[in-house]
Structure formats: structure tokens, C-alpha cells
Amino acid sequence: MSRLRERLARWIERRLPQPRLREGATNRPRRLVKRIIVFGRMPNPTFDYYLAARLEAQEMPPYQVVDIRSGETTALEAEGTFVILCRYASPSVLRWIEINAEHLAGVGLFVDDDIPAVVTGNDADLFYRLFLWYRALWPLRRLNRHLDIVWASTANLAANLACARAVVLPPAPPLALSQAARSDRERQGQPGSAILIGYHATGVHLEEHHFLRPVIAEILRERPQVRFEVFADRRAKSIWRGLECVEIREPMAWIEYMADANTQIIDIMLVPLAPSRVNDCRAATKRIDIVRYQAAAVFSEGAAYGYSNEGTELRLPYNASLWRETILRLVDDSELRETVAAATHQAVMQLAWAAVPGLESLKPDKGSNFTL
């Protein structure tokens, strides 16, 4: 992004709606929480990455999940309910909150992206930017009058949401995943047989596709046993066409992706992140997918996954030669792959155990947290 465009993007972002707490809010519920309702586009990875395990924790109030696309809110119980908006809101949800404001225990918003920076950035397509405006930004003009808590997925994102005094809520993998031993799913073949490398990206990572393409092309030339699969949307597909041993997969619904991860093994997963303000605010959620696929991962070093001098995970600068050399090492060394995969498994375990207490501020026994 040119310097002039960067300045224009920041100017626009400062004028986009931002989360703000209502007057008198204290980052805690207004009154005792009897139940929790989570609104979002369900099912989705954000809920599963951050909220599901915490809401299942001991001593948490009962909860239900409501898809904002259903429009069915009239039958929902409002008295003593704490509302959590998972990224998005709809007009019907906003009306329900406004009508029932006096009965609610509070309203919280969870955010896991620097959404204004995505809207003004280069990688997202026009449809997605318009969607973010309509579902994530425009609703804040009404929602901010009711917000008691704003959660953010990383410290950098929380700093960007300083006006909302956002509380950091890191990823919360399910404890069953973190505790599981290596799956009994059998790996195909013997040493020296096919090695599967994967890059599973969403549509906002177009630059990273361009970064990886020549790296993968060289690896495929040098290691004929390697196969590569990539999730690519309409714009990214053309980047990968023309390479043999590459399977271009269509992006899939979240439930389908979870099923895929539970049935397939990938030997090496790639997680490049181009230097950008959006990526500086990303959380390490790809670790969870990597553990599901039982893969050894190569991460970009930075705020999301740490730096090269920390631990035994592979974290690299955004340099194509280093990525090529490191991937080749992993292709050639099965023991190294096991060591690297175990390091990510351990990192996911730590996240899971840290989330075991749930959302402490919403527990009924935390009486000092409530304004009755």
C-alpha cells in the first residue's frame, strides 16, 4: 500500500463507526446474569474459537445461540439475559435489544478483526467490505448506546479499540482437542511417500497467495513426492493455475471444514502473514486448525504467532527464500515434523487450559461484579 493510500485509509477509518461503551458502563454486567444469548452468523469459527469452550465452563449460566439471519427474536427471554454479539448484528437483533434494554443483564460485543482496516485495505473484495459495513460497522450507531463490555481477540486489537476499553479474550480451543493424543487416523504410505502441504486461507489473504506461489512452485520442482492443496476463492484461483500436483479447493462452510479437519491429515501447514495493520491484530487461531489436521506448521513471525527465538515452533520472517528452505527441511525430515507439530499441540493446550474458568465476569457467583 502506497504512503498516500495508507494515509487516506487511516483518515477513512477514523471516521468509520467504532465500538464504544454506553454511558456508565463498567465492563461488567448491569445485574445478575440468569442466562446468556449469543447472536451471530451461526455456525461460525469465531464462536467456536473464542466463546463455545468458555460458555461450557463450570458455573457459567445457561446459554443459547441464535443465528441473526433467522430474524426470530420475539420468543427470546430477556429478563436477566446477557447478550453477546459475535462480530455482527442485524436490524431485528438491534430492535430486540432496544425494546428489552431495561430487562437485560447487559450487552457485550466480541471482535476478532480490525474491521475498519479490512474495509479500507486491499485484500478483501467489494462484496465482503460492504457486508462488514452493513453487519459490523453500521449497527454500532445503535448498539453503542447499550454496550456494557467489549472483548477483543488480541492486545493490539484492544489498543485499537481504546475508546471501548476492550478486554482481551484470547482463543479458547476445546479442552478435548488440546488433551487428545495424536489421532489414530493412519498416515498414508511409508517414509519417502507423498507429503501433503496445505494453505487454508480466507478471501482476505490475496497477497499471501502471491507470496507463496513461487515458493511452492520451486518445492514441487525439487521434491516430486510433494502434493499441495490450497483453499482459493474466485480471485485467488488464477494465482495457482498451471501448477501440477496442486489441488485448488473451494472455500467451504465452517461445519464442512471442521469435518474435513477431523478426517484428513496434512503433513505441513503454511501460515504466512504479510506485514500489515490487519495482520498485526490477528490472533493465533490457525494453531487450532493445525492441531486438528495434525500438521507441522510454518508461521510468519510477528504479533500473532511470536518470533523466531521463542520456543520450537517454526516462525519465519516474510522472506520467500527462508520459507522455501524451511519447508524443504520439513519435507525431508519426518522427525522434525513431529517435533514441530508437538510444539503447536502444546501451545493449543496452554490456550485451552487458560480458558477453563470461562467468562468469570458473567458467572452468577461473582456477586461483586454486578450492579443490581
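Criteria and cut-off values
- Starting from 1, residues in each chain are numbered consecutively following that chain's sequence as written.
- Note on the predicted model: pLDDT of at least 70 is required for a residue's local features to be given, and 80 or more for side-chain atom pairs to be given and counted; whole-chain, interface and lining totals, by contrast, use all residues.
- Neither water nor hydrogens contribute to the side-chain values; these are computed over all heavy atoms in the structure.
- At least two bridges found by DSSP between two strands are what make those strands a pair.
- Numbering goes from the N terminus for both helices and strands, where a helix is a DSSP run of H or I of at least four residues and a strand is a run of E of at least two.
- Orientation is described by lines fitted to C-alpha atoms, with helices fitted over the stretch in contact, and by angles between N-to-C directions that extend from 0 to 180 degrees.
- Burial here depends on accessible area, computed with a 1.4 Å probe over protein chains only, as a share of the maximum for the residue type. Under 20% is buried, over 50% is exposed, and the range in between is partly exposed.
- Crossovers are described as right-handed under a simple rule: with the strands pointing away from the observer, the path leading from the first strand over the helix to the second runs clockwise.

Asks: Sorry, what's going on with the sheet that holds strand S8 (residues 226-231) here?
Replies: Sheet strands line up and pair through hydrogen bonds in the backbone, either parallel or antiparallel. The strand order across the open sheet formed by six strands is S9-S8-S7-S10-S11-S12, and the pairing between neighbours is parallel. In this open sheet, the two edge strands, each paired with only one partner strand, are strand S9 (246-249) and strand S12 (314-316). Along the sheet, successive strands turn relative to each other by an average axial angle of 20°, direction set aside. In the sheet, strand S7 (residues 195-200) pairs with strand S10 (residues 268-271) via two bridges, with the strands oriented parallel.

Asks: What's the story with the sheet that holds strand S6 (residues 167-168) in this structure? I'm lost.
Replies: The six strands lie next to each other as S2-S1-S3-S4-S5-S6, forming an open sheet whose pairing is parallel. In this open sheet, the two edge strands, each paired with only one partner strand, are strand S2 (63-67) and S6. In terms of strand pairing, strand S1 (residues 35-40) meets strand S3 (residues 81-86) through five bridges, oriented parallel. Bridge pairing links Ile-37 to Val-83 in S3.

Asks: Quick question: what am I supposed to make of the pairing of strand S4 (residues 106-111) here?
Replies: Regular strands place their side chains on alternate faces of the sheet. Most of S4 sits inside the fold, with six of its six residues counted as buried. Judged by which residues are buried, S4 turns out to be covered on both faces: Gly-106, Gly-108 and Phe-110 on one side and Val-107, Leu-109 and Val-111 on the other are all buried. Where S3 meets S4, five bridges bridge the pair, whose relative direction is parallel. Pairing of Leu-85 across the sheet is with Leu-109, part of S4. In this region the chain leaves S3, passes through helix H3 (residues 91-99) and returns to the parallel neighbour S4; the handedness of that crossover is right-handed. The sheet contact formed by S4 and strand S5 (residues 149-152) spans four bridges and is parallel. Counted as the bridge partner of Gly-108 is Ile-149 from S5.

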